[in-house]
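Examining the three-dimensional arrangement
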Amino acid sequence: MTESESAPAATEPLTPEEELFRALKEEFGEAIRELVSAASPYIVVEPARIRDVAFHLRDAFGFDSLMCLSGIDTLGQKHSTKPLPPGSPRSAKPEPIGEEIAVVYHIGSVTTRRKVALRAPLDRRTPRLPSVSSVWKVAAWHEREAFDMFGIVFEDHPNLTRILCPEDWVGHPLRKDYEMPKRYAAWEHARRPSAAELAEPESRVAGEDASRAAEKNGITTENSR
Amino acid sequence: MEGSIEEYHDLVQWLREHSSCHDDQVVLTNAEKMFQLAEWAITTSRVNSIWPFTFGLACCAIEMMATAAARFDLDRFGAGVFRATPRQSDLMIVSGTVTYKMAGCIERLWHQMPEPKWAIAMGACATNAGPYNAHGYHVVKGVDLIIPVNIYTPGCPPRPESLIGSLLELQKQIRTGKDRVYRAAWEKDRTKAAARMRAETSAAAEGYAESIRAAGSAPAFTASANESVEQSR
Amino acid sequence: MRRLNGNRHFFEGDTLFVNMGPQHPSTHGVLRLLIETDGEVVTKAEPKIGYLHRCFEKSAEGVSWEGVIPYTDRMDYVGPIGNEWPYCLAVERLAGIEVPERGEYCRVIAAELQRIASHLLAFGTYGLDIGAITPFLHAFRDREKVLDILEYVSGARLLYNYIRIGGVVRPFDEKATAMIRDFLSDLATRLPEYHQLLSYNNIFIERTAGVGVITRDQALTYNITGPNLRATGIEWDLRRNDPYGFYDRFEFDVAVGTGEHGVLGDCWNRYIVRLIEIEESMRILEQAITMLPTDGPFWNYKRNLKVPPGETYARAESARGEVGFYVVANGELKPFRVKAKSPCFCALSGFPEYGTGMLLADVVATLGSIDIVLGEVDR
């Protein structure tokens, strides 16, 4: 920790984000693209290197907890969230934003009390990047949620299945081009359980369900890739 | 229960006169009256010992708990025995949002409850998905698409007084046999029956809550609440 | 058919699946736990969530900036004010709205009252989980008094919609502060009763001390926050460590696990942290009602709020831990994206790790002690 923090011998006072950005830039070079100073500044990272950056942040800088992992679909976002450069004329418009799906990581540290945000922009048609669940375990569920809501595929995830929606759900609801379903197929064919089914012991149902779910999980993950 | 005993006054009178009589003849000729009396007794018992199902879905469940707890004390109306299994309960209070993932469980639990059984749709979500109606892709638009509902309680969440009002209204339904009419209508055409029942019953519960509000907010706090806490010791 | 005789390995690896929930009295809502047991010992516990997925984030993209606040209420319906605050913080930061001094004090008072109400409910229902019915009645009696105060200022009993963008909807007036004073003096006499009833009850200690231990490392890697983190001995409270609102103006201690019974990070310590926090909240409330200005603006209201493009992440300490909102604005009348980070979601994600290797009955004790609200887990 001490080595990287003391490395940039700054002549002018740097914000903690700038300091961190320089340190990461030295370590990872081109993979660290830019530092955007929004209301909460964030660092844009090459998606393929995200896990390496995450490991480095945890081990070298003491960022011990992943506060939040969010997916975001920028389809229809008119303006970039980047602020205009200082001194630009009033008529200047913020630069338009490309259509992308991005993953935003908000990382914090209980020991050093610092915060940092990373953003990994992805291709909208085939969004995939390495999972960080081996860095912070909480990411496993956050990533399942991002997969469920946006269809982002996280490589090397221990169990990448839908978490909030039912497993036979069609589509990824938080994508901006998602259409509200008129009906849900599973309930179209819903029928009353027969007397025999009702008499079944609960435990057996659970066991069956588990194996069936496991089967389904495999299929779901395959299809979505 | 108040008033209904009067209707059966002559029956009770008759029972008193014949209770010591062991003559089969009398029982046979008066079999019809006997059945009436039995039906009255059963209905009265049912009305006054509705056992709800411990079934909390969302925010409304907290208000349902508050209704059962010290201040509002649902036990005053014979409905305080919350059972943790569907097999021992008569009343399902659907207290919260029904999602597609949960819908199957609710239907199954409903079928596990023994007849006769009733359901209260507590709150806007159970009635028609409430605030989640417009954008809730995963929310069932009203629990009456899945199970027949006797009473709809408006509110988000309904106050405990509203839930008590719904319970009193349900007791009225059971006493008059209207619950069976609703049930039959729902089995025939669920959407049509649901629309009619919504209009009729939600007005009644709302009226009760209104009258409480007009009378000066919630029931007096100190006396009843402390009493039931003392009793529980 | 395998024969039982002479085969001593017959029972090895012969596990039973127990399906707990989604309808179960002690899952605190519609949580489903898929438990694999070997005899009485739980070898695997897998939470299945989503049974109350009410599409909060989709709904938030479809309503106005102000309109999101009632939806945040319905996430954590046991402590809604803890959710309104971070959302409003985020929007205020993006739109550059200042909150008047009186509004800030009202926020602190409302949030601390809410924390007390939420912890009282946690106390009562935890008693129910363990098998004690009386604490539930006691807790609800006192909780009703908090609800009365909050109803007086906001008009609602459970979901308040009280903290608004730029302030609060109605200030605490003299009658409200008098109610709070009454309540505080009343609760001070009740707390020893609670300790007598549950905290230092031998049966309760036997059921909870040393059960369901969450270690420091687990708490950090699963980002478990709030009382569950503090029970492990880590002094981390956003009110102190990343102050928002006026929390830096108050004197209070951060409650941490005492380790008086059991070990740090177990059920008993998680429970006692909540009760200590009630006392600390009472301390803050006493200071806040004396510092509260009696007049002046309390709500910097903006009609048809249009938030300039930008994004931010704001967090606050609710009764359950760190609630965060990642808000992206697109210069429109409604949010472009709102992502809610819920402390219960994170705490529950670690359950397969700290919820195994214990007896089946202890699963209930552990689940109750992390005090989850499924509305917030599933959103």
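Analysis parameters
- Residues numbered from 1 in each chain as written.
- Chains lettered and ligands numbered in written order.
- Predicted model: local features only at pLDDT ≥ 70, side-chain atom pairs only at ≥ 80, totals over all residues.
- Heavy atoms only, no water.
- Pairing = 2+ DSSP bridges.
- Helix = DSSP H or I, 4+ residues; strand = E, 2+ residues; numbered from the N terminus.
- Axes fitted to C-alpha atoms, helices over the stretch in contact; angles between N-to-C directions.
- Contact = heavy atoms within 4.5 Å.
- Buried area = accessible area lost by both parts, 1.4 Å probe.
- Nonpolar A, V, L, I, M, F, W, Y, C, P; charged D, E, K, R; others polar.
- Disulfide = S-S within 2.5 Å.
- Buried < 20%, exposed > 50% of the residue type's maximum accessible area, 1.4 Å probe, protein only.
- Parallel < 35°, antiparallel > 145°, perpendicular 65-115°, else oblique.
- Left-handed = near helix turned anticlockwise from the far one by under 90°.
- Expected span 1.5 Å × (residues − 1).
- pLDDT = per-residue confidence, 0-100.
- Phe/Tyr/Trp six-rings, centres within 6.5 Å; stacked < 30°, edge-to-face > 60°.
- Lys NZ or Arg CZ within 6 Å of the ring centre and 35° of its normal.

1. What to know about the sheet that holds strand 6 (residues 310–318) of chain C
Residue and element names in this part refer to chain C. Spatial strand order, 6-7-8: three strands in an open sheet with antiparallel pairing. Only two strands of the sheet have a single partner each, and these edge strands are strand 6 and strand 8 (337–341). Each strand axis lies, on average, 15° off the axis of its neighbour in the sheet, ignoring direction.

2. Examining unusual backbone geometry
Residues and elements named next belong to chain B. Residues glutamate 115 and proline 116 are joined by a peptide bond in cis, for which omega reads -10°. That bond from cysteine 156 to proline 157 is cis: its omega, -10°, falls within 30 degrees of zero. Of note in the backbone geometry, aspartate 73 takes a positive phi value of approximately 50° without being a glycine.

3. So, the interface of chain A and chain C
Contact residues are listed per partner, giving 52 residues for chain A and 46 residues for chain C. Regarding the contact of chain A and chain C, the summed buried area is about 4200 Å², with carbon and sulfur atoms giving 59% of it. At the level of secondary structure, the elements contributing two or more residues to the side of chain A that touches chain C comprise strand 3 (65–73), strand 4 (101–108), strand 5 (115–122), helix 4 (139–150) and helix 7 (202–224) of chain A. Among the elements that take part in the side of chain A that touches chain C, strand 3 of chain A stands out by supplying nine residues, more than any other. Per-class residue counts for the side of chain A that touches chain C are 25 nonpolar, 15 polar and twelve charged.

4. Section: the state of the cysteines
Under the criterion given, the structure shown has zero disulfides over all chains. Of all cysteine sulfurs, the one in C:Cys55 lies closest to A:Cys165, which takes part in no disulfide; the gap is 7.2 Å. What makes A:Cys165 buried here is its relative accessible area of 1%. As a non-bridged cysteine, B:Cys105 has A:Cys165 as the owner of its nearest cysteine sulfur, 16 Å distant. By relative accessible area, which is 21% here, B:Cys105 ends up partly exposed.

5. Remarks on the packing of helix 2 (residues 16–28) of chain A against helix 3 (residues 50–61) of chain A
Residues and elements named next belong to chain A. The geometry of helix 2 relative to helix 3 is characterised by a closest axis approach of 12 Å and an angle of 120° between their N-to-C directions. Judged by the angle between their axes, helix 2 and helix 3 are oblique. Seen along the crossing, helix 2 lies across helix 3 with a hand that is right-handed. On helix 3, the residues that touch Leu20, Ala23, Leu24, Glu27 and Phe28 of helix 2 are Asp52, Val53, His56, Leu57 and Phe61.

6. As for helix 8 (residues 160–176) of chain B
The end-to-end C-alpha distance of helix 8 of chain B, which contains 17 residues, comes to 25 Å, matching closely the 24 Å that a straight helix rising 1.5 Å per residue would cover. Of all 17 residues making up helix 8 of chain B, 13 are buried, and the element is well covered by its neighbours.

7. A look at the confidence of the model for chain A
Residue and element names in this part refer to chain A. Taken residue by residue, chain A gives an average pLDDT of 74. The fraction at 70 or more is 66%. Note on residues 1–10: pLDDT under 50 across the span, and twelve contacts to partners over four residues away in sequence or across chains. Predicted confidence for residues 188–225 stays below pLDDT 50, and this span has 34 contacts to residues more than four positions away or in other chains.

8. Some thoughts on the packing of aromatic side chains
Under the definition given, this model contains 25 aromatic pairs over all chains. Centroid distance B:Tyr132 to C:Tyr71: 5.6 Å. Interplanar angle 70°. Geometry classified as edge-to-face. Residue B:Tyr132 is found in the loop between helix 7 (123–128) and strand 3 (151–153), and its partner C:Tyr71 is found in helix 2 (residues 68–73); the two belong to separate chains. C:Tyr71 matches B:Tyr132 in its accessibility class, with the two residues each being buried. Through a chain of ring-to-ring contacts, three or more aromatic side chains come together here, namely C:Trp85, C:Tyr105, C:Tyr244, C:Phe246, C:Tyr247, C:Phe250 and C:Phe252. When the ring centre of C:Tyr51 is taken as reference, the NZ or CZ atom of B:Lys101 above it lies at 5.4 Å. One residue, B:Lys117, lies across the ring of B:Trp110, its end atom 4.8 Å from the ring centre.

9. Remarks on the confidence of the model for chain C
Residue and element names in this part refer to chain C. Per-residue confidence for chain C gives a mean pLDDT of 87; residues scoring 70 or more make up 96%. Of the regions scoring below 50 in pLDDT, residues 1–9 engages in four contacts with residues more than four places distant in sequence or in other chains. In the predicted assembly, ipTM is 0.87 and pTM is 0.82.

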